[in-house]
Amino acid sequence: MSQLRPFDLEALRRHLAAEAGAAPWRSLDELAGRPEFIEFLNAEFPQQALALDGEGVDRRHVLKLMAASLALAGLGGCTRQPEERLVPFVRQPEHRVPGKPVYYATSAPIAGFGVGVLAESHEGRPTKIEGNPDHPASLGATDAVLQAAVLGLYDPDRSQVVTQLGDIRPWSAFVATMEGVMAAQRERRGAGLRILTGTVTSPTLASQLTALLAELPEARWHQWEPLGRDAARAGALLAFGEPLETRYRLEQARVVLSLDADILGAPAHGLRYTRELVRARRGAGAGNPRGRLYVVEPFPSCTGALADHRLPLRRCEVDAFARALARRLGIAVPGADDPTLARHAAWIDALARDLRAAGGEVVVAAGEQQPPAVHALAHAMNHALGAVGRTVEHAAPVPARWEDEAASLASLVEDMQAGRVDVLVMLGCNPVFTAPADLRVADALAKVPLRIHHGLYDDETAALCHWHLPEAHFLEAWSDVRAYDGTASVVQPLIAPLYEGRTAHDVVAVLAGQSGRSSHELVREHWRQALGVPDFEIVWQRALRDGVIEGTSQPARSAVLRGDVATRLPPPASTATDTLELVLRPDPYLLDGRFANNGWLQELPRPLTKVTWDNAAYLAPATAARLGLANEQVVELALGDARVEAPVWIVPGVAAESVTLHLGYGRRRAGRVGTGIGVDVQALRTRGALWGGLGLTIRPTRRRHRIACTQDHFSMEGRDLVRRTTVAALADGAAHDDGAHEPTWNESLYDPYPYEGHRWGMVIDLATCIGCNACVAACTAENNVAVVGKDQVLRGREMQWLRVDRYFDGPLDDPALLHQPVPCMHCETAPCEVVCPVNATVHSSEGLNEMVYNRCVGTRYCSNNCPYKVRRFNFYLFQDWNTESYKLGRNPDVTVRSRGVMEKCTYCVQRIEEARITAMQEGRTIRDGDIVTACQQACPADAIVFGDLNDPSSKVAAWHRDPRNYSLLAELGTRPRTTYLGVVRDPNPALAKDRTA
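Throughout what follows, the structure given in this document is the object of discussion. For clarity, every value in this text was computed on a predicted model and none was experimentally measured.

Conventions and cut-offs
- Residues numbered from 1 in each chain as written.
- Predicted model: local features only at pLDDT ≥ 70, side-chain atom pairs only at ≥ 80, totals over all residues.
- Heavy atoms only, no water.
- Phe/Tyr/Trp six-rings, centres within 6.5 Å; stacked < 30°, edge-to-face > 60°.
- Helix = DSSP H or I, 4+ residues; strand = E, 2+ residues; numbered from the N terminus.
- Buried < 20%, exposed > 50% of the residue type's maximum accessible area, 1.4 Å probe, protein only.
- Lys NZ or Arg CZ within 6 Å of the ring centre and 35° of its normal.
- Salt bridge = Lys/Arg side-chain N within 4 Å of Asp/Glu carboxyl O.
- Axes fitted to C-alpha atoms, helices over the stretch in contact; angles between N-to-C directions.
- Parallel < 35°, antiparallel > 145°, perpendicular 65-115°, else oblique.
- Left-handed = near helix turned anticlockwise from the far one by under 90°.
- Contact = heavy atoms within 4.5 Å.
- Nonpolar A, V, L, I, M, F, W, Y, C, P; charged D, E, K, R; others polar.
- Pairing = 2+ DSSP bridges.
- Polar contact = N/O pair within 3.5 Å; in protein donor to acceptor, adjacent residues only side chain to side chain.
- Expected span 1.5 Å × (residues − 1).
- Lys, Arg positive; Asp, Glu negative; His and termini not counted.
- Disulfide = S-S within 2.5 Å.

What about the packing of aromatic side chains?
Next up, step 1: In this structure the tally under the stated criterion is 15 aromatic pairs.
Next up, step 2: Aromatic side chains Tyr966 and Tyr980 sit 6.0 Å apart centroid to centroid with 35° between the ring planes, which places their arrangement in the tilted category. Pair noted here: Tyr966 is in strand β36 (residues 965-967) and Tyr980 is in strand β37 (residues 978-981), with a separation of 14 residues, a long-range link.
Next up, step 3: Accessibility expressed as a relative area gives 1% for Tyr966, which makes it buried.
Next up, step 4: Residue classification places Tyr980 among the buried positions, given a relative accessible area of 0%.
Next up, step 5: By way of ring pairs, the aromatic residues Trp171, Phe174 and Trp467 are connected into one cluster.
Next up, step 6: Between Arg890 and the ring centre of Trp881, over which it is positioned, the NZ or CZ distance is 5.9 Å.

Below you can see the structure in the form of structure tokens.
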């Protein structure tokens, strides 16, 4: 793609100004139109034409390959599949119907907090994760991380055995060793014992640790969560004098302001808040804004993509922005506005007026990466605007035991360096990789006589420990966990541990001398005592069935804002304009690196950059131009004495003079998939710069590092594919600002087919899509889609059946962000069907465009003829047929494809057939809502609807009648069954920018 040549940004700006109102654009490469980029696009399959990678192909070689293909074509349908051994039940278990899945409610602990899920199980094998509609944190939705949890369960690189100094030992040996160790500690009241965990919200584990510390009062329990909420709690402490939790009711908000808070992408509550905000925005009308969203942030986020107004601002300037806005809202913040904000004065004024006009139906949220002062100012603004008690509420912290985790970890390191720690037990954490670099955890660990690590992987910390204990995956463990609002749920296993995994409850029980008690006993007994109800068995069974324990959420409580909060604020952060800013962010999918070995997540394109299998130094176009940097150029980044090298990737919408790096890459011991992927940026993360800081310097090198970005793999030839409008325009009767109307269908050579039964179709609402890729991950999990790796993605050979295209709309430095999921369109007059020489792609009597895999001989004519480029071809044997654990996780209702066949979205035909069978058994027809596709079920934004277009009362038919509905590339006459609702934004008239005029 682009060579190491900087873009001519002034030329690109002139081009955009001259083409105002033209179609959205996808990348700087597309705008620049360099010859190498055009050549890349003009290939029928980007860099796929070479039959043998890296080998030139002449005419003779092509003819040889064609002849061999024809000779072997008949053998393709007779390929011998890998041998499988089936062992029948001697006695069929009660209530189990062979082939029919069952669902269990459980919770997934992510960064300490629980998200309720329903796990699908086939014959005792978990195969799919769905959201639990009864759980407050998910409301039935899932994200990419949850969808990929099944692959994590069956990961063969997980720790499988107990080891001591690298030698395999039985669990009983560890128990025997600890009996002597703990006997010595009891004599010293635990003076040499330290326990390190992540954030613990498990009521049972917390009670176990509390009881242990009561028995050993000199012992210490430390917590360190790299994605922790220290800033939020410190901000609440500054505002209220106590570390309260803040919760929002976005469905009731008219105006929402995000101060560098990815409200919709946060692991703990992002699913719920996405659903709430979407509901609010769907109730908007002209003059009645609902969920109007303002976002101020340094790097584009899923929340920013949905914003009506987004302001790219350096991280260090958000503090000054919050102070300036607070002054306009009548809060007596000392000092004057920062001069760097003068260019944004009109933006701040209009925002302040809109917040005041909302009559208390507002939310002001601050991000975890912001300092406590910004959180305190957000609290002050919510109180000043009258939002508390309406759209904002406060509650006791979750977990109840709160401490400054960064300070706690520093205290632990100090004790280790001083030789005060004899025994260190680390539960489910990896501080050697995730701790601030200036703490030098690895050096401190060397001074501890006995080091014990408990985790899913033999990771960087495990390598420096005497004992390593394999951790049980949450799908094979008994535990409990609290959601962001305090709601407790039981984590129940769907399968016996595949390996010798143990829970944190088991390890703490050994420390407490209770090694004979199982996790199930400990969790059950805790809740028996905590609930204290006579009919405990009924309550327990209900909790297992529903996935929540009733009455356990933290109730809202009053919070008195300190009258002098404005004067108690620390001095404003520096906004020096003569130096670069470093911004550190957790990766959207790998987080702090804990999911680095998950191939589904590594290959999933990042929501705003579309980069896979890598992290990069993300820069704004203006910053890259000033420094003379080009895409994929490796640079040295230095902050203080720390230095790392990373490739450059230029992203419109990044704040100028700000460089964003994602955590979680560069792992040294993460498994065969995740080790060595990307750049480890932890060296730049110190206690004083947990989320970044000023003073970054960049030194270019002459090296290049290839970035696998999926956005530009196919060209749509400049067509305006994402239609957009405003609430006001809709009220005036205009469906689309660009004035486009659905074209008249071209005359067809074929007679129309009379669909007398069902006629399946799908509609995708682009107004609510946040580009989170949960739909892509769900499709991958449901349909056994293979991972191909970075090299194949670079060649344009990714296998995902569904992609989410990202577009920029507007000026180069501050564009709007648009997303468009693109599955197979299931065209009524499908161009792929007429060119297939073996009739492998056919039309069903219910309108589906189907693939018959054992007919396909891999000519790829269908992909060449598809204008939407949604078909995928198996160039190699991407599926792993040999690893036994992977076989357990595959959906048995979907064929696992091998090399040489074409595949694509099927509208989850297996789910259609399941609903048909159920309806037949119950003597009725299929009802609207009986069939929910995998992408539809996962989507937290409710952006996808599927159903019968012949049923006028169905939701999909109603969305088809919506004035915003349109077909993609309708002028081609393909008559797609998948259509779209155009993007709708509700801009503030005082700030409205006409991006489509």
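Re the pattern of salt bridges
Next up, step 1: On inspection of all chains with the given rule, the structure shows 60 salt bridges.
Next up, step 2: Here Arg292 ties to Asp986 by a salt bridge, and the two come within 3.3 Å at their closest N and O atoms. Separated by 694 residues along the polypeptide, Arg292 in strand β10 (residues 292-297) and Asp986 in the segment after β38 (983-985) bring together distant segments of the chain.
Next up, step 3: Exposure remark for Asp986: the relative accessible area of 11% places this residue in the buried category.
Next up, step 4: Overlapping salt bridges, with partners in common, bring together Lys128, Glu130, Glu782 and Arg911 in one network.

Considerations on the packing of helix α8 (residues 203-215) against helix α18 (residues 504-511)
Next up, step 1: For the pair α8 and α18, interaxial distance at closest approach is 10 Å and the crossing angle is 15°. Judged by the inter-axis angle, α8 sits roughly parallel to α18. In this structure, α8 meets α18 at a crossing whose hand is left-handed. Contact residues: α8 offers Thr204, Leu205, Gln208, Leu209 and Leu212, while α18 offers Ala504, His505, Val508, Ala509 and Leu511.
Next up, step 2: Its residues assigned to classes, the contact of α8 with α18 shows seven nonpolar, three polar and no charged.

Quick look at the packing of α18 against helix α19 (residues 519-531)
Next up, step 1: The N-to-C vectors of α18 and α19 enclose an angle of 90°; their axes lie 9 Å apart at closest approach. With respect to each other, α18 and α19 are oriented roughly perpendicular. Of the residues in α19, those in contact with His505, Asp506 and Ala509 of α18 are Ser519, Leu522 and Val523.
Next up, step 2: Here the contact of α18 with α19 is built from residues that sort into three nonpolar, two polar and one charged.

Quick word on the sheet that holds strand β3 (residues 125-131)
Next up, step 1: The strand order across the open sheet formed by three strands is β1-β2-β3, and the pairing between neighbours is antiparallel. Each edge of the open sheet carries a strand with a single partner, namely β1 (102-110) and β3. Direction aside, neighbouring strands of the sheet carry axes that sit 40° apart on average.
Next up, step 2: Direction of pairing for β1 relative to strand β2 (residues 113-122): antiparallel, over a ladder of nine bridges. Bridge pairing in β2 places Tyr104 opposite Ala119.

Describing the sheet that holds strand β35 (residues 944-948)
Next up, step 1: Pairing in this open sheet of four strands is mixed, and the strands run β35-β28-β37-β36 from one edge to the other. The strands lining the two open edges of the sheet, one partner per strand, are β35 and β36. Averaged over neighbouring strand pairs, the angle between their axes works out to 30° when direction is ignored.
Next up, step 2: Relative to β37, strand β28 (residues 760-765) runs parallel, the two being bridged by four bridges. Among the inter-strand pairings, Val763 is bridged to a residue of β37, identified as Thr979.

Digging into unusual backbone geometry
Next up, step 1: The phi dihedral of Leu139 is positive, around 50°, even though this residue is not glycine.
Next up, step 2: For Leu139, a relative accessible area of 18% gives the class buried.
Next up, step 3: Located in the positive-phi region is Lys610, a residue other than glycine, with phi close to 65°.
Next up, step 4: Here Lys610 shows up in the loop between α22 (599-603) and β20 (611-612).
Next up, step 5: Its relative accessible area of 1% is what places Lys610 among the buried residues.

Some details on the side chain of Thr503
Next up, step 1: Structurally, Thr503 is set in the loop between β18 (488-491) and α18.
Next up, step 2: Given the relative accessible area of 9%, Thr503 is considered buried.
Next up, step 3: Engagement of the side chain of Thr503 in a polar contact is seen with the side chain of Ser519, the distance being 2.5 Å.

Some details on helix α12 (residues 315-328)
Next up, step 1: Compared with the 20 Å implied by 1.5 Å per residue over 14 residues, the 21 Å span of α12 between its first and last C-alpha is a close match.
Next up, step 2: With 12 of 14 residues buried, α12 is to be regarded as a mostly interior element.
Next up, step 3: Looking at α12, one finds that the buried residues are Arg315, Cys316, Glu317, Val318, Asp319, Ala320, Phe321, Ala322, Arg323, Ala324, Leu325 and Ala326.
Next up, step 4: Positive phi shows up at Gly330, right after α12, with a value of about 90°.

Quick word on the side chain of Asp948
Next up, step 1: As for its placement among the helices and strands, Asp948 is situated in strand β35.
Next up, step 2: Of the side chains with opposite charge, Arg759 lies nearest to the buried Asp948, which makes no salt bridge, at 5.9 Å.
Next up, step 3: Here His758 takes part through its side chain, which lies 2.9 Å from a polar atom of the side chain of Asp948.
Next up, step 4: Once residues within four sequence positions are removed from consideration, Asp948 is found in contact with Gly757, His758, Arg759, Trp760, Ser954 and Val956.

Quick look at the state of the cysteines
Next up, step 1: Inspection of the entire model under this criterion finds zero disulfides.
Next up, step 2: Free cysteine: Cys769, not disulfide-bonded; nearest cysteine sulfur from Cys775 at 6.4 Å.
Next up, step 3: No disulfide involves Cys856; its nearest neighbouring cysteine sulfur is the one of Cys862, lying 6.4 Å away.

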